[in-house]
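Here are the chains, one letter per residue:
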Amino acid sequence: MNHDEVARLLGPFQDGELDLATSQKLEEHLASCPSCQQKLAGEQELANLIRSEIPRFQASPFLKTRIQAALRENKSTSATIPSWNPITLAWAYSGLAVATLVILAVGVFWTQRVPVLEQEAVTNHVRSLQVSHLMDVASTDQHTVKPWFAGKLDYSPQVVDLSPSGYPLMGGRLDVLDHRNVAAIIYQRRKHYINLFIWPSDTKSLHARLYNQNGYHVLDWTKSGMNYLAVSELGEKELNEFVQMIQDQTIDK
């Protein structure tokens with residue numbers, strides 16, 4: 001093998017796509033060629049970087065339902081295809097494969113379609129944990145946290161204490177979302193933190209939707225002229241439970 005042939009085969013080689021004979025020839029060349037060894041190391045480093053940085057998304061209920069429906073439809077269709085007609089059978093399975101790919105593409109787009117505001121909130125949540133700036137005011141007393149925002153914002157966020165329900169108030173801080181200062185109220189659930197962002201809704205009301213980005217769940221809604229956005233790595237069930245309690249204790253104005 002020459003250098004050009006090896007360069008073309010490095011990608012398939014590291015993905016395990018080469019047959020045994022070709023792999024052995026390539027390995028023999030690599031054993032005596034530092035230049036190609038360096039190229040292979042570069043390919044591996046790039047692949048590892050892509051795997052570590054690429055977003056991962058859970059399959060949405062929408063995607064699961066569509067796939068299950070496609071499989072049921074294929075099962076009923078296959079039962080009517082004559083066993084003596086292999087050409088028709090091949091076309092049927094080809095059609096199913098194309099339909100499944102389309103459904104997968106739609107499902108991935110559906111799960112990845114996280115609005116910019118919610119993406120920014122996830123980024124702020126992660127940053128607050130990484131730079132140890134989770135709270136400007138650390139207190140489990142709502143009557144300490146709420147007054148702290150006075151004079152720092154042009155509104156007064158409602159602060160509720162959920163300690164009896166297992167979601168203790170930890171404090172608060174100033175943050176920025178959509179180019180404006182907002183209140184971030186911090187709660188804890190076991191070893192997990194919840195950032196609850198609060199700001200006046202103005203003309204941008206949120207519609208009580210749940211999003212998932214890189215393992216973080218985001219749930220937002222609008223109530224009494226205020227926007228609320230909760231972010232945490234908690235599971236959907238616990239975050240929904242938290243949000244329901246916040247909604248129940250938020251006073252209508």
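Undergrad: Could you give an account of the packing of helix H1 (residues 3–14) against helix H2 (residues 20–31), with specific residues and numbers?
TA: Put simply, H1 and H2 touch, their axes get as near as 11 Å, and they point 120 degrees apart. Taken together, H1 and H2 sit at an angle that is classed as oblique. Here the hand of the crossing between H1 and H2 comes out left-handed. When H1 is examined against H2, the residues His3, Val6, Leu9, Leu10 and Phe13 are found in contact with a partner set consisting of Thr22, Ser23, Leu26, Glu27, His29 and Leu30.

Undergrad: So what's going on with the pattern of salt bridges? Residues and values would help.
TA: On inspection of all chains with the given rule, the structure shows four salt bridges. Residue Glu238 pairs with Arg189 through a salt bridge whose shortest N-O separation is 3.0 Å. With Glu238 in helix H8 (residues 236–249) and Arg189 in strand E3 (residues 180–189), this residue pair connects regions lying 49 residues apart in the sequence. By relative accessible area, Glu238 is classed as buried at 17%. The exposure class assigned to Arg189 is buried, which follows from its relative accessible area of 17%. Between Arg190 and Glu238 there is a salt bridge, with the nearest N and O atoms lying 2.8 Å from each other. In this pair, Arg190 is assigned in the loop between E3 and strand E4 (192–200) and Glu238 in helix H8, connecting sequence segments 48 residues apart. Given the relative accessible area of 51%, Arg190 is considered exposed. Among the charged side chains, a network of salt bridges with common partners joins Arg189, Arg190 and Glu238.

The rules we used
Counting restarts for each chain, with residues numbered from 1 along the sequence as it is written. pLDDT decides what is reported in this predicted model: residues at 70 or higher carry local features, side-chain atom pairs at 80 or more are listed and counted, and totals for whole chains, interfaces and linings draw on all residues regardless. Calculation of side-chain values draws on the structure's entire complement of heavy atoms; hydrogens and water are dropped beforehand. Geometry is summarised by axes, namely lines fitted to C-alpha atoms with helices restricted to the contacting stretch, and by angles between N-to-C directions that run from 0 to 180 degrees. Segments assigned H or I by DSSP are reported as helices when at least four residues long, segments assigned E as strands when at least two residues long, and all are numbered from the N terminus. The cut-offs work like this: below 35 degrees is roughly parallel, past 145 is roughly antiparallel, 65 to 115 is roughly perpendicular, and the gaps in between are oblique. Helix crossings fall into two classes, left-handed where the near helix is turned counterclockwise from the far one by less than a right angle and right-handed where it is turned clockwise. Note on contacts: a residue pair is in contact if any heavy atoms of the two residues lie within 4.5 Å. Just to be clear on terms, a salt bridge is a Lys or Arg side-chain nitrogen sitting within 4 Å of an Asp or Glu carboxyl oxygen. Working definition: with a 1.4 Å probe on protein chains only, accessible area under 20% of the residue-type maximum means buried, over 50% means exposed, and in between means partly exposed.

Keep in mind these numbers describe shape, not what the thing actually does.
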